[in-house]
Amino acid sequence: MPTKHEQIIRHIEDLDVGAKISVRQIAKDLTVSEGTAYRAIKEAENLGFVSTIERVGTIRIKKKQKENIEKLTFAEVVNIVDGQVLGGRDGLHKTLTKFVIGAMKLEAMMRYIDVDSLVIIGNREKAHELVLEAGAAVLITGGFDTTEEAKKLADEMELPIISTSYDTFTVATMINRAIYDRLIKKEILLVSDILIPLHDTFYLQTNDPIARWHELNEQTKHNRYPVIDEQMKVVGVVTAKDIIDRPHDWPVEKVMTRHPITVGIRTSVTNSAHQMVWEGIEMLPVIDQYGRLLGIISRQDVLKALQLANRQPQVGETFDDLITGQIKAAEDARGPYLSLEVSPQMTNFMGTASSGVLTTLLVEGATRMLRHMKKGDLVIENVSIYFIKPVQIESTITIRANVFDVGRKFGKVDVEMYQGTQIVAKALVTSQLIDR
């Protein structure tokens, strides 16, 4: 029997996209307390089913798929620019295809406008109506209002007119940054990307006999399965070693490993790989926020996904990418080394290289050396760092790494950083190695 919280989440999922949601109405419709309704609505917001906009309220939105993560809804734009919705509230759930800066003559600007685009424009009231008629939403900068005719047209077309106090340049920068952040997130592989869904997952129930395990093993050739109860909640895992020499009529509940390690769909694949290697697990059940089985991921799928991620083109640079992208690799009589110049962006308020940047560089030196010696993926387990001398701005540093212990699953690297001939930092890096 689903809890009240689960019932509210399902009720919200069943609402039409664009529908307004209120705590009071949910509490009344489902006969629950307003506190319970409020907590469930917040959970639905975290899950991406609803969006709360100041001065507008909470609305049901379409949950974006991962491949569209670089696109924003008009509702999200309102939150990004601290905007006020003047009209067209029913269209806030729509996704904008692109944004156009309307800083040109009207005739020229109209050539760049497509349906569901967002036009950033000042107090050009005639242009507001023409943009709406072209099927695009309007974002008015400078805190200006618009005509009643434009507001009425926005309501009819279900295209938002948004007003913000920021100037055009600031607004474009804010939206661009939001899209850029999403491009970086797009590269992060999640469990949801490699999940074997429930309808393709083989599992056992607590009251199934061990004979059922043998049937599944004969059918699938797999030797480990999640175990669920009557509510579809994962309560254990059964593997080949659990059923050795056990009577076939015993219930699996009697031999299963209880409280198994599980992951959620928003867990990163890297995190899952770390758990699998550390615990020696070949399969992880994937559960929702209530502990119900959604599917499984296998060690083979995880490793395949990590290899695929390494071959993906870079579409958004993180701070680590910006730092390590400046590194140059070279070799001399002492062996291979890395070098780079400390740029102004790498410094702290005192004009010396920040500890975070130096840490990133030391770890990068260790991981490059490990990857050079042993092909595969790795997860950093531990880093011990000693900062010996400050590193000045615009000075050239070199990084040398020495792998002194490497096995099948672990590698240890001693890393030294030099400015000229003087050593400025040292690190001991321990890493888990994941064979491809």
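Definitions and cut-offs
- Residues numbered from 1 in each chain as written.
- Predicted model: local features only at pLDDT ≥ 70, side-chain atom pairs only at ≥ 80, totals over all residues.
- Heavy atoms only, no water.
- Buried < 20%, exposed > 50% of the residue type's maximum accessible area, 1.4 Å probe, protein only.
- Helix = DSSP H or I, 4+ residues; strand = E, 2+ residues; numbered from the N terminus.
- Pairing = 2+ DSSP bridges.
- Core = buried A, V, L, I, M, F, W, Y, C linked by side-chain atoms within 4.5 Å.
- Contact = heavy atoms within 4.5 Å.
- UniProt positions renumbered as here; feature names shortened; annotations may be inferred.
- Axes fitted to C-alpha atoms, helices over the stretch in contact; angles between N-to-C directions.

J.: Would you mind showing me how to read the pairing of strand S18 (residues 335-341) here?
T.: Both faces of the sheet carry side chains from a regular strand, because those side chains alternate between them. Counting buried residues in S18 gives 5 out of 7 residues, a clear majority hidden from the surface. Bridge count between strand S17 (residues 328-332) and S18: 5 bridges; the pairing is antiparallel. Bridge pairing links Glu331 to Pro336 in S18. Adjacent in sequence and paired antiparallel, S17 and S18 are bridged by 2 residues. Two strands pair when backbone bridges link them, and S18 and strand S20 (residues 396-406) are joined in this way by 4 bridges, in the antiparallel orientation.

J.: Before we go on, may I ask you to explain the nonpolar core in this structure?
T.: A general feature of soluble globular proteins is that nonpolar side chains tend to end up buried together. The biggest cluster of nonpolar side chains holds 28 residues, and the ones touching the most others in it are Leu361, Val391, Ile397, Val413, Val415 and Met417. With 7 residues, the single largest contributor to this core is helix H15 (residues 355-373). The contact partners of Met417, leaving out residues within four places of it in the chain, are Leu358, Leu361, Leu362, Ile397, Thr398, Ile399, Gln422, Ile423, Val424 and Ala425. Among the nonpolar cores identified, the runner-up in size contains 20 residues, and Ile61, Leu92, Ile120 and Ile179 belong to it.

J.: Can you walk me through the UniProt feature "domain: CBS" (unreviewed entry) in the protein in this structure?
T.: Residues annotated in UniProt with the feature "domain: CBS" (unreviewed entry) correspond here to residues 195-255 and 256-314. Across residues 195-255 one finds 25% helix and 25% strand; the C-alpha atoms that close the span lie 26 Å apart.

J.: What should I look at first to understand the pairing of strand S16 (residues 293-298) in this one?
T.: In terms of burial, S16 is a largely internal element, 5 of the 6 residues being buried. Examined bridge by bridge, strand S9 (residues 196-197) and S16 share 2 bridges and lie antiparallel to one another. Bridge pairing in S16 places Ile196 opposite Ile296. With antiparallel pairing between neighbouring strands as the criterion, strand S15 (residues 283-287) and S16 make up a hairpin whose turn holds 5 residues, including Gly291 at a positive phi of roughly 85°.

J.: How should I be thinking about the sheet that holds strand S6 (residues 118-121) in this particular structure?
T.: Sheet strands pair by backbone hydrogen bonding; their relative direction is either parallel or antiparallel. Overall, mixed pairing links the 5 strands, which are arranged S4-S8-S7-S6-S5 in an open sheet. Strand pairing shows two members of the sheet lacking a second neighbour, strand S4 (84-87) and strand S5 (99-101), which therefore form its edges. Taking each pair of neighbouring strands and ignoring which way they run, the sheet shows an average axis angle of 25°. As defined by bridge partners, S6 adjoins strand S7 (residues 137-140) across 4 bridges and the pair is classed as parallel. Bridge assignment links Ile121 to a residue of S7, and that residue is Ile140. Strands in contact with helix H6 (residues 125-133) are S6, S7 and strand S8 (161-163); relative to S7, the strand with the most contacts, it is inclined by about 150°. Contacts from helix H7 (residues 148-157) reach S4 and S8 within the one sheet, and its direction differs from that of S4 by about 90°.

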